[in-house]
Amino acid sequence: MAAVETRICETEGCKSEAKLQCPTCIKLGIQGSYFCSQECFKGSWSTHKLLHKKAKDVVKNCVEQDTNTDPWPGYRYTGKLRPHYPLTPKRLVPGHIQRPDYADHPMGMSESEQSLKGTSQIKILTDEELEGMRTVCKLAREVLDIAAMMVKPGVTTEEIDHAVHLACTARNCYPSPLNYYNFPKSCCTSVNEVICHGIPDRRALQEGDILNVDITVFHNGYHGDLNETFFVGDVDEGAKCLVQTTYECLMQAIDAVKPGVRYRELGNIIQKHAQANGFSVVRSYCGHGIHKLFHTAPNVPHYAKNKAVGVMKPGHVFTIEPMICEGGWQDETWPDGWTAVTRDGKRSAQFEHTLLVTETGCDILTRRLEDNGRAHFLNFM
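Note that this is a predicted model, so its numbers are computed, not measured.

**Topic: the packing of helix α7 (residues 237–255) against helix α8 (residues 265–276)**
Packing of α7 against α8 brings their axes to within 9 Å, and their N-to-C directions diverge by 150°. Comparing their axes, α8 and α7 come out roughly antiparallel. In this structure, the crossing between α7 and α8 has a hand that is right-handed. Taking contact as the criterion, the partners of Thr245, Glu248, Cys249, Gln252 and Ala253 in α7 are, on α8, Leu266, Ile269, Ile270, His273 and Ala274. Along the lines of polarity and charge, the residues of the contact of α7 with α8 split into six nonpolar, three polar and one charged.

As structure tokens, then:
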């Protein structure tokens, strides 16, 4: 799951960075509604709640069917994809499974991440911590491989999410996306023009779609994060070229990981290969440090000439997860506050691994154990 771009508090006169989003606004599809603190949110309540009433009135007059493909009347979609609402209720995680600090927070806020906000110091993990990361990343890979088996025309992303949720809990894992800043599902499913953070819903996958499934699991205090893009049935040559190039961008960047390399260099490698094949690189979302925290230092941009801080050292653990687009790199977000789509409506693909910097290079902690580590799509090229 990619790190999210910075947003500004919507309280009048407040310019602070905001990561808390009104949960009612998420349910109603109201875009924005970000606040820096509970205090700012409460202080704005008298005027903010009027947005809820207005949105409820619109929804009441909207299409009254089992499935609503226009939950945000007036919103201009950039491509052909539409949400399929309502979403199913939030899934429950058995009480015996260890939970991250945001799992039961009313706004999904991670206080442990907030306490380190703004720091660029990159943690060097101990041997014990590295063992925890190896274990959780292996489990995350198992869950993604289960999701991979479900990708075919006619299957809904909601059904994939359900399978992911069950696979996580069967392994005594908490699905990390669930309630993270109020994300409503257990994984991200991003179809066609969706760049990242797509919310699983009732839409059935169609022949020719491309689908990214992004899995993060939390086990014994650690997060493991990876994703792959899959072909849904037979896809056109453009989709094959986009997905292949995106995978090559990731693997070429991984080949460069070793002690002494600056994190900002990875973006130069990725953009050079993407542009050579006629594609662009998303700039709003980046790779990130990961261990006991879901998202932490370093930030790992995927575009060239970025200003990422830090030099790789043995014991660093982080993700690389380039998002590569057929058209322009610019993005926008659906009114659900999560689904990032290309502004021109063209397709986007992504791959992600969690990596450990070693003394001589790196270990791919989320590497596939079968097929010599190759991504699933390569069997369908």
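Next comes the rest of the write-up.
**Describing α7**
Over its 19 residues, α7 extends 27 Å from the first C-alpha to the last, a length consistent with the 27 Å expected when each residue adds 1.5 Å. Among the residues making up α7, those that are buried are Ala239, Lys240, Leu242, Val243, Thr245, Thr246, Tyr247, Cys249, Leu250, Ala253 and Ile254.

**Topic: the packing of helix α5 (residues 127–150) against helix α6 (residues 157–170)**
In contact at an axis separation of 9 Å, α5 and α6 are set at 150° when each is read in the N-to-C sense. Relative to α6, α5 is oriented roughly antiparallel. The two elements α5 and α6 meet at a crossing, and its hand is right-handed. Of the residues in α6, those touching α5 at Val143, Ile146, Ala147 and Met150 are Glu159, Ile160, Ala163, Val164, Ala167 and Cys168. When grouped by side-chain class, the residues that make up the contact of α5 with α6 number nine nonpolar, no polar and one charged.

**Let's talk about empty space enclosed by the protein**
Evaluation of the coordinates by the stated rule reveals two cavities of 30 Å³ or more. Counted as a void, the largest cavity has a volume near 150 Å³. Together, 19 residues line the largest cavity, and Leu81, Thr189, Ile199, Asp201 and Trp334 are the ones closest to its centre. No other element matches the three residues that strand β6 (residues 188–191) contributes to the lining of the largest cavity. Across the lining of the largest cavity, the residue classes tally to ten nonpolar, five polar and four charged. In this structure, the second largest cavity occupies an estimated 50 Å³ of space.

Calculation notes
- Residues numbered from 1 in each chain as written.
- Predicted model: local features only at pLDDT ≥ 70, side-chain atom pairs only at ≥ 80, totals over all residues.
- Heavy atoms only, no water.
- Axes fitted to C-alpha atoms, helices over the stretch in contact; angles between N-to-C directions.
- Helix = DSSP H or I, 4+ residues; strand = E, 2+ residues; numbered from the N terminus.
- Parallel < 35°, antiparallel > 145°, perpendicular 65-115°, else oblique.
- Left-handed = near helix turned anticlockwise from the far one by under 90°.
- Contact = heavy atoms within 4.5 Å.
- Nonpolar A, V, L, I, M, F, W, Y, C, P; charged D, E, K, R; others polar.
- Expected span 1.5 Å × (residues − 1).
- Buried < 20%, exposed > 50% of the residue type's maximum accessible area, 1.4 Å probe, protein only.
- 1 Å grid on protein atoms, 1.4 Å probe; cavity = no way out; pocket = protein on both sides within 12 Å on 5 of 7 lines; lining within 4 Å.
- Points joined across faces, edges and corners; volume = space filled by probe spheres on them.

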